[in-house]
Amino acid sequence: MEPLSSIPAVQSRSRPRSPLALALCVLIAAPMTAPAQEKPAPRELEQPVFARMLRSGDSAKPLLSLTEAGAKPLDTREAKLDLRIAFTTSKIWDPKGKKFDTVKLRSYQSPGTNPEVPFLAPTIVTSPGETVRIALDNQLPPQPDCHPADINVPHCFNSTNLHSHGLWVSPTGNSDNVLLTLRPGVKFEYEYNLPADHPAGTFWYHPHLHGSTALQVSSGMAGALLVRGERLPASDRTGDIDTLLRDPDGAAMHERLLIFQQVAYACRDSKGKIRTDVETGFWTCDENDVGEIEKYDDQFGFGVWQKSGRHTSINGTVLPTFDDLVAGRIERWRLLHAGVRDTVNLQFREMKAASASIEGLSGKALDNWVTKNCTGAPLKQFEVASDGLTHAKTIVKSENMLQPGYRSDALVVFPKAGRYCVLDAFAPASASITNAAEDRQLLGIADVTGDAKVADVEAYVTDALVASAHKRMPEGVRDSIVAGLRDHLRLDAFVPHKTITKSEVNGKGQTVVFDIKDKIVDGKKVGDIYLVDGKPYDPSAARDLILGQTEEWHLTSQRGGHPFHIHVNPFQIVSILDKNGKEVSVTGDLDKNGNVTDPQYANLQGTWKDTLFVKDGYNLYVRTRYERYIGEYVLHCHILDHEDQGMMQNVRVLVPDGKGGGISTTSHH
């Protein structure tokens, strides 16, 4: 495998892009800033920069081992990345103003980061059994007064830490420890020891310091973390889906990484008020303004994102054009919702021929354009994994509802050449984390070339995967894998965790209740109080769990919808009951006539995840094992401003005491 550090991190738009470069995600997003008075250049969608990581043999003087063929670099199975945090001034496209806004935001920087799009962290690629070291350097300015009386009031925006979201690694020490605080000026090296049996899939990383998480993630401090695997399935073990997702020549299937971000920057007048457009009420910036994210008071909260008029960006670019798509080519799209709070409902629709340009359109005008021009039937997406964990059966979707923290690996095929709308489709109130209907938004335009015409996309995908299985799967399991694929694209041979049966459950069970109460001062509501199990976050309290036990969890919400996320150990979905007690984890939500009103829970029964949307008044049941790792970590709502304001709880996995209980790491008895 070619060392990652030897692959160029930046490629000029004027140079031809090779298939290898595209497949390895080494390109970088966003064009140079065009003067406001000139016609802007097309904003082509590029792939996030590929992290330049130092691996075995990459250094000037690598460690050597003696072999029969002579001295060779010693494979330490380690990779190191230098990652800085600093304020960066750059540009973000404003569709209505037909100009780039100047913004100054906190961002991750690393060798190879493109200064034109710093608000998208480099993509880390690793593999099972490797140790990833991230040398984090907090170069943000000091904040001497950042200790509020109430820990659940957002604070310390220049202090930080790092979370490897979804990784199955230790939560203690300098591993995935989100209870650490790294003040400005502090350098700290994280060490993630991925076990040899770690699932291959799509994960990500972002800051996770209570009080500053939402503001930093909203600034774009988030990046993909891909675990690539090459383990073939056998009769006594499952394998990595990566070994199946191959093109006819045996190369990895063409990949596309899409990171959705909601950068809620604002420009303010001399009185500190957010500038708004007189006509639309949307946030705006004058020519000499600099957009920033510095306050929770009016840049976060219920309905703020829609009110702002800001656009969800893809790979750091607003309303990009996908210009390298080929009809009939099966691609693996790795989708990552790295936003703070609003739902993204991804959909592809064929566009009418000779459609007018979208330049200069926003708000109602852009929505009218979508109504007129995005008229084709939605394309199918074949989801093979969610949250980095392969499904037992591919989930076929015409819309892919992503809540904050969600990841989805989907196979996508454009059946013929033409132009397609990439949409954040309408989401009903019950499906949205805002608990109110979310309007659709155009995310970009896809230009598809080629002569292929695919009549039956599902059969086409099935035939391609069957051909791959015939060619690459071991003889002892090949026939069963092929039979599974022909049975509605079953993937049993690639599921990373064994199903948790009811008989395996040996713990007492756990309940998590999300809630929001009115904060009353002098008889008047002055805000909200965010609760888990009736209490706001208390860093001195923890839910005790016992290593080696298996438990069923009951998740519910008494007010609003909340994406539940727990660190370290993923969970398997058992049942999801609506407000009337009806099972919806197979069909999705249905009306009285049997029509689907919300598909996001459809076909989730039995799947594995680490983040799951909990609707108001619904009852969700999941099972999980506490394996391998002890220590303290957290569960929380992944609406990150909810987390910062108290919707979080510490979890502590204890060593068994031999009597059904546990022993704390601080106890000697």
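These numbers were taken from a predicted model, which means no experiment stands behind them.

A.B. asks: I'd like a rundown of the pattern of salt bridges, residues and numbers included.
C.D. replies: Two side chains bearing opposite charge may form a pair once their charged atoms approach each other closely. This structure, assessed with the given rule, holds 44 salt bridges. Between aspartate 324 and arginine 256 there is a salt bridge, and its shortest N-O distance comes to 3.0 Å. Note that aspartate 324 is positioned in strand S14 (residues 321-326) and arginine 256 in strand S12 (residues 255-261), a separation of 68 residues in sequence. Neither residue differs from the other here; aspartate 324 and arginine 256 are each classed as buried.

A.B. asks: Residue-level account of the packing of aromatic side chains, with values.
C.D. replies: The tally for this structure, following the rule as stated, stands at 16 aromatic pairs. In this structure an aromatic cluster arises from ring pairing among Phe322, Trp333, Phe348, Phe414 and Tyr420. The ring of tyrosine 406 has lysine 609 lying over it, and the distance from NZ or CZ to the ring centre is 3.8 Å.

A.B. asks: Got a sec to walk through the state of the cysteines? Specific residues and values, please.
C.D. replies: Among covalent bonds in proteins, the disulfide is the one between the sulfur atoms of two cysteines. Taken as a whole and judged by the stated rule, the model has two disulfides. Each sulfur of the disulfide joining cysteine 267 and cysteine 285 lies 2.0 Å from the other. The sign of the 90 degrees torsion about the S-S bond sets the cysteine 267-cysteine 285 disulfide as right-handed. Note that cysteine 267 is positioned in the loop between S12 and helix H3 (304-308) and cysteine 285 in the loop between S12 and H3, a separation of 18 residues in sequence. With respect to class, cysteine 267 is no different from cysteine 285; both count as buried. The disulfide that involves cysteine 374 links it to cysteine 421, with 2.0 Å between the sulfurs.

A.B. asks: Tell me about the nonpolar core, residues and numbers included.
C.D. replies: By size, the foremost hydrophobic cluster in this structure holds 56 residues, and its most contacted members are Phe414, Trp553 and Phe564. Trp93, Phe100, Leu105 and Val318 belong to the second largest nonpolar core, which has 31 residues in total.

A.B. asks: Before we move on, can you summarise the side chain of serine 170 with the specific residues and values?
C.D. replies: By the element assignment, serine 170 lies in the loop between strand S8 (163-165) and strand S9 (187-193). On the accessibility criterion, serine 170 (19% relative accessible area) is buried. Beyond its immediate chain neighbours, meaning those up to four positions away, serine 170 contacts Ser175, Asp176 and Tyr629.

A.B. asks: For empty space enclosed by the protein, give the residues involved together with the corresponding values.
C.D. replies: All told, the structure shown has seven cavities of 30 Å³ or more when counted by the stated rule. For the largest cavity, the calculated volume is near 120 Å³. When residues in the lining of the largest cavity are grouped by element, the largest group, three residues, is from H3.

A.B. asks: I'd like a description of the packing of helix H5 (residues 457-472) against helix H6 (residues 475-486), backed by residues and values.
C.D. replies: Interhelical geometry of H5 versus H6 gives an angle of 175 degrees and a closest axis separation of 9 Å. What the angle tells us is that H5 and H6 run roughly antiparallel. Contacts between H5 and H6 involve Thr462, Asp463, Leu465, Val466, Ala469 and His470 from the former and Arg478, Ile481, Val482, Leu485 and Arg486 from the latter. Of the residues contributing to the contact of H5 with H6, the split by class is six nonpolar, two polar and three charged.

A.B. asks: Describe the sheet that holds strand S16 (residues 344-350), naming the residues involved and giving the relevant values.
C.D. replies: The mixed open sheet is built from five strands, whose spatial order is S14-S22-S21-S16-S19. The open sheet has two free edges, formed respectively by S14 and strand S19 (400-402), since each of these has just one partner strand. Strand-to-strand twist across the sheet, computed as the mean angle between neighbouring axes with direction ignored, equals 25 degrees. Note that strand S21 (residues 418-424) and strand S22 (residues 441-449) share seven bridges and pair antiparallel. By the bridge assignment, arginine 419 is partnered in S22 with aspartate 447. Lying over the sheet, helix H4 (residues 363-373) contacts S16, S21 and S22, oriented at roughly 40 degrees with respect to S22.

A.B. asks: Tell me what's going on with the confidence of the model for the protein chain, and back it up with residues and numbers.
C.D. replies: Do not read the predicted coordinates in detail wherever pLDDT is low. Chain-level statistics for the protein chain give a pLDDT mean of 90 and a share of 91% at 70 or above. Low pLDDT (under 50) marks residues 1-39, which in the prediction has 88 contacts with non-local residues, meaning those over four places away or in another chain.

A.B. asks: Outline H6, supporting the account with residue identities and numerical values.
C.D. replies: Helix length check: H6, at 12 residues, gives a terminal C-alpha distance of 17 Å against a target of 16 Å (1.5 Å per residue), a fit within 8%. Of all the residues in H6, the buried ones are Val477, Ile481, Val482, Gly484 and Leu485. Down the axis of H6, the sector holding all buried residues measures 160 degrees, keeping them to one side. The outward face of H6, more than 90 degrees from its buried face, is lined by the exposed residues Glu475, Asp479, Ser480 and Arg486. Buried residues in H6 make contact with H5.

A.B. asks: Any details on the pairing of strand S15 (residues 331-337)? Residues and values, ideally.
C.D. replies: Along any regular strand, the residues point their side chains to alternate faces of the sheet. Counting buried positions along S15 gives seven out of seven residues, so the element sits mostly inside the fold. On S15, burial covers both faces: Glu331, Trp333, Leu335 and His337 on one face and Arg332, Arg334 and Leu336 on the other are all buried. Bridge analysis of S12 against S15 gives six bridges, and the strand direction is parallel. Counted as the bridge partner of arginine 256 is tryptophan 333 from S15. One ladder, built from six bridges, connects S15 with strand S20 (residues 407-412); its direction is antiparallel. Note on S20: the bridge partner recorded for glutamate 331 is valine 412.

A.B. asks: Talk me through the sheet that holds strand S28 (residues 571-577); I want residue IDs and the actual numbers.
C.D. replies: With respect to topology, six strands assemble into an open sheet ordered S24-S23-S26-S33-S28-S31, the strand pairing being mixed. A single partner strand is all that each edge strand has here, and the edge strands are strand S24 (524-532) and strand S31 (608-609).

A.B. asks: Before we move on, could you go through unusual backbone geometry and cite the residues and values that matter?
C.D. replies: Of note in this structure, aspartate 387 is not a glycine but carries a positive phi near 55 degrees. Looking at the secondary structure, you find aspartate 387 in the loop between strand S17 (381-386) and strand S18 (389-397). If you check the backbone angles, valine 568 has positive phi at about 75 degrees while not being a glycine.

A.B. asks: I'd like to hear about the side chain of asparagine 315, residue by residue, with values.
C.D. replies: Along the polypeptide, asparagine 315 turns up in the loop between strand S13 (313-314) and S14. Look at asparagine 315 and you get buried, because its relative accessible area is 0%. Only 2.9 Å separates the side chain of asparagine 315 from the backbone oxygen of leucine 257, close enough to count as a polar contact. Engagement of the side chain of asparagine 315 in a polar contact is seen with the backbone nitrogen of isoleucine 259, the distance being 2.9 Å.

The rules behind the values
Residues numbered from 1 in each chain as written. Predicted model: local features only at pLDDT ≥ 70, side-chain atom pairs only at ≥ 80, totals over all residues. Heavy atoms only, no water. Salt bridge = Lys/Arg side-chain N within 4 Å of Asp/Glu carboxyl O. Helix = DSSP H or I, 4+ residues; strand = E, 2+ residues; numbered from the N terminus. Buried < 20%, exposed > 50% of the residue type's maximum accessible area, 1.4 Å probe, protein only. Phe/Tyr/Trp six-rings, centres within 6.5 Å; stacked < 30°, edge-to-face > 60°. Lys NZ or Arg CZ within 6 Å of the ring centre and 35° of its normal. Disulfide = S-S within 2.5 Å. Core = buried A, V, L, I, M, F, W, Y, C linked by side-chain atoms within 4.5 Å. Contact = heavy atoms within 4.5 Å. 1 Å grid on protein atoms, 1.4 Å probe; cavity = no way out; pocket = protein on both sides within 12 Å on 5 of 7 lines; lining within 4 Å. Points joined across faces, edges and corners; volume = space filled by probe spheres on them. Axes fitted to C-alpha atoms, helices over the stretch in contact; angles between N-to-C directions. Parallel < 35°, antiparallel > 145°, perpendicular 65-115°, else oblique. Nonpolar A, V, L, I, M, F, W, Y, C, P; charged D, E, K, R; others polar. Pairing = 2+ DSSP bridges. pLDDT = per-residue confidence, 0-100. Expected span 1.5 Å × (residues − 1). Arc of directions from axis to C-beta. Polar contact = N/O pair within 3.5 Å; in protein donor to acceptor, adjacent residues only side chain to side chain.

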